[in-house]
Amino acid sequence: MDNLAVHNSFTAARRTALRLGLLGLLAVAALSGLAAPVRANSEDAAGAFMLSLTSRSIAKLTNTSVPEEERKVRFRQLFRESFDISAIGRFVLGRYGRSATKPAMEDFLATFEDVMVERFAPQFAGYGDTRFEIESIRKLENSQQYIVGSSITPPDTGNKIRIDWRLSHNNEGFTVLDIVGEGVSMALTLRAEYGSVLKSSGGKVDQLTALLRERIGTQAAAAN
Amino acid sequence: MSSRFFNWLNAKRVAVLLFTAVLAGGCATQPDQIVWQTGGAISQELSLTASVQYAQASSGNDSDSLYPGIDDDYDENDPLEIPNRFIFAFNQTLDVFVLKPAASSYRFLLPSVIRDAIRNFLRNLATPVVLINDLLQGEFERAETTLARFAINTSGGLGLYDFATGEGYEYHKEDMGQTFGSYGIGEGAYLVLPLFGPSSIRDGIGRIGDIFLDPLTYVGQIYDVETELLAIPLVNGIDIRSRNIETLEDLEADSIDFYARIRSLWRQNRQNEIDNGRNEKPTVTPGLSNFDFEIEPKDG
């Protein structure tokens, strides 16, 4: 059932993922002995990561027959695997994160993850036909960060949306640090919003966490 | 992936909109601070794990930054925050009681073909302002696009249908605030205008400038139809709002400080408009970007 729907639904992403898999193999072969240009391969690997992430998202999250709770569980798993929640959480807290106690920080990060799950998981339903294309890949100088430029074409409007993915690379592979849609960064926007709340509450991360809890609590209640 | 998912980020809609009861698009921004190109040596900090020390307030102030240049000193350039928040609340009230209901009815009553025709017609009418600003920015290719669109759409169907996009001439918008921005003029300060919504000092001034650039202003004066011509920005505002009903609902749903969220979205979007979406100039990786199977060696 699941497989069938997946098979029917994503075409472009799947095809490119397959090709990418091939590319990945080539890249591995090249790295392990052929001494091919490493830099180009690392950029390709960033692209491979993105294609894998998007095709897995489409396969696991878009099927409308998946119950909402199950979709959230799957989204959370993908989110944990692929996003650097700790780095993003820390960034959105800005200066206030550095003075937070360890329990307060852990509490915030757990809540932040819940906020993301509640916010985004439900929105994947029924969007299997969305077209995803990688348009550019760039490694930032003096950094282990990559920017993967992509375009996303939802089936309903057909209007291309430009999305840049900011990735970080370490020994364990790639993680997503930020999603930038038409020049608007999610991390930066959240940092601005949370920063404004923190500023007016004397920088208490606990209070922000409580507010977010309350917000997703009411949101979840409203959805039912 | 889901379009609504990305709507959340999609400032194009977001910023244009909000409470812009009337005219579309405001102006403003600045982020000179958002220096995408400069990669910093910050990857180590990014792989922070739970084992890392949390309280280290004395350390360098952007040690936790994903973005070089976004540090503790980065702010939203909003010295007028108190009056701005007041006007924002006013606009929001107006939105709830007037604009949103009007936009919902508009969307409900008119089929999308008609609504698209109305939008195309209004965009076509606004050609002179866009064209002049294209030229003022030295964007000659974009000026050509604007001109071609006008010629094709006007002759093809009085501007009611957008034939030009199919011909490769896609719509874009320009205004004097963007022109100022392209000259390197900063936003001055963030500003929320009554009815028009998010803007800045620079873009508020640009908005006035655009009125003088618009031939319709003079047509209105000569034929004494200035009041009637107010229908143009009014319908434009309703049309834009009608295209953002769900986007804004989603945007507000999990917000804990909607004013701050909109301010940030609007300022980033404005910068993106000024840069004409070109603040990222990534090098295209051979092989991957066009999904060829070959990996071509990269120079350097």
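If you're wondering where the values come from, they're calculated on a predicted model, not measured in any experiment.

Trainee: Explanation requested: helix α8 (residues 186-200) of chain A in the structure shown.
Mentor: Three or four residues apart is the spacing at which side chains of an α-helix point the same way, because the helix has 3.6 residues per turn. Residue and element names in this part refer to chain A. Taking 1.5 Å as the rise per residue, α8 with 15 residues should run 21 Å; its terminal C-alpha atoms sit 22 Å apart, in good agreement. Counted residue by residue, α8 has 13 buried out of 15 residues, so it is predominantly covered. For α8, the N-terminal capping position is held by S185, with its side-chain oxygen 3.3 Å away from the main-chain nitrogen of A187. Directly beyond the C-terminal end of α8, a positive phi value near 70° is found at G202.

Trainee: Is there a simple way to explain the layout of surface pockets in this structure?
Mentor: Computed from the structure, the second largest pocket encloses a volume of approximately 500 Å³. Of all the secondary structure elements, the ones that give two or more residues to the lining of the second largest pocket are α5 (85-93), α6 (95-98) and α8 of chain A together with α4 (81-109) of chain B. At seven residues, α8(A) tops the list of elements feeding residues into the lining of the second largest pocket. Of the residues contributing to the lining of the second largest pocket, the split by class is eight nonpolar, five polar and 11 charged.

Trainee: What am I meant to see in the nonpolar core here?
Mentor: General note: in soluble globular proteins, nonpolar side chains tend to be found buried as a group. Membership of the largest hydrophobic core comes to 59 residues, with the highest contact counts inside it found for M50(A), F108(A), F112(A), W165(A), L167(A), Y194(A) and L208(A). With eight residues, the single largest contributor to this core is helix α7 (residues 102-120) of chain A. Counting 12 residues, the second largest nonpolar core, distinct from the first, contains L251(B), F258(B), Y259(B) and W266(B).

Trainee: Would you take a moment to explain the pairing of strand β2 (residues 145-153) of chain A for this structure?
Mentor: The two faces of a sheet get side chains in turn, since along a regular strand they alternate between them. All names here are of chain A. The buried count for β2 comes to nine of nine residues, which makes it a mostly enclosed element. Burial of β2 is two-sided: the residues Q145, I147, G149, S151 and T153 facing one way and the residues Y146, V148, S150 and I152 facing the other way are all buried. When strand β1 (residues 131-139) meets β2, the two strands line up antiparallel, connected through eight bridges. Each bridged residue has a counterpart across the sheet, and for E133 the counterpart in β2 is S151. Here β1 folds back onto β2, and the loop between the two strands holds five residues, one of which, N142, carries a positive phi near 50°. Note: β2 against strand β3 (residues 161-170), eight bridges, orientation antiparallel.

Trainee: Sorry, what's going on with the sheet that holds β3(A) here?
Mentor: Remark on secondary structure: sheet strands pair via backbone hydrogen bonds, oriented parallel or antiparallel. All names here are of chain A. Read from one edge of the open sheet, five strands run β1-β2-β3-β4-β5, paired in antiparallel fashion. The open sheet is flanked by β1 and β5 (184-185), the only strands paired with a single partner. Here strand β4 (residues 173-181) runs beside β5; their pairing, made up of two bridges, is antiparallel. Across the sheet, V180 pairs through a bridge with S185, a residue of β5.

Trainee: Can you help me understand the packing of aromatic side chains in this one?
Mentor: The relative placement of two aromatic rings is captured by the distance of their centres and the angle of their planes. Residue and element names in this part refer to chain A. A complete count under the given rule lists 14 aromatic pairs over all chains for this structure. For the ring pair F132 and W165, a centre distance of 6.4 Å and an interplane angle of 70° mean the geometry is edge-to-face. Here F132 is found in strand β1, whereas its partner W165 is found in strand β3, with 33 residues between them in sequence. Here F132 matches W165 in class, with each residue buried. The ring of Y96 has R95 lying over it, and the distance from NZ or CZ to the ring centre is 6.0 Å. The side chain of R191 reaches across the aromatic face of F91, ending 4.6 Å from its centre.

Rules used throughout
- Residues numbered from 1 in each chain as written.
- Chains lettered and ligands numbered in written order.
- Predicted model: local features only at pLDDT ≥ 70, side-chain atom pairs only at ≥ 80, totals over all residues.
- Heavy atoms only, no water.
- Helix = DSSP H or I, 4+ residues; strand = E, 2+ residues; numbered from the N terminus.
- Expected span 1.5 Å × (residues − 1).
- Buried < 20%, exposed > 50% of the residue type's maximum accessible area, 1.4 Å probe, protein only.
- Polar contact = N/O pair within 3.5 Å; in protein donor to acceptor, adjacent residues only side chain to side chain.
- 1 Å grid on protein atoms, 1.4 Å probe; cavity = no way out; pocket = protein on both sides within 12 Å on 5 of 7 lines; lining within 4 Å.
- Points joined across faces, edges and corners; volume = space filled by probe spheres on them.
- Nonpolar A, V, L, I, M, F, W, Y, C, P; charged D, E, K, R; others polar.
- Core = buried A, V, L, I, M, F, W, Y, C linked by side-chain atoms within 4.5 Å.
- Pairing = 2+ DSSP bridges.
- Phe/Tyr/Trp six-rings, centres within 6.5 Å; stacked < 30°, edge-to-face > 60°.
- Lys NZ or Arg CZ within 6 Å of the ring centre and 35° of its normal.

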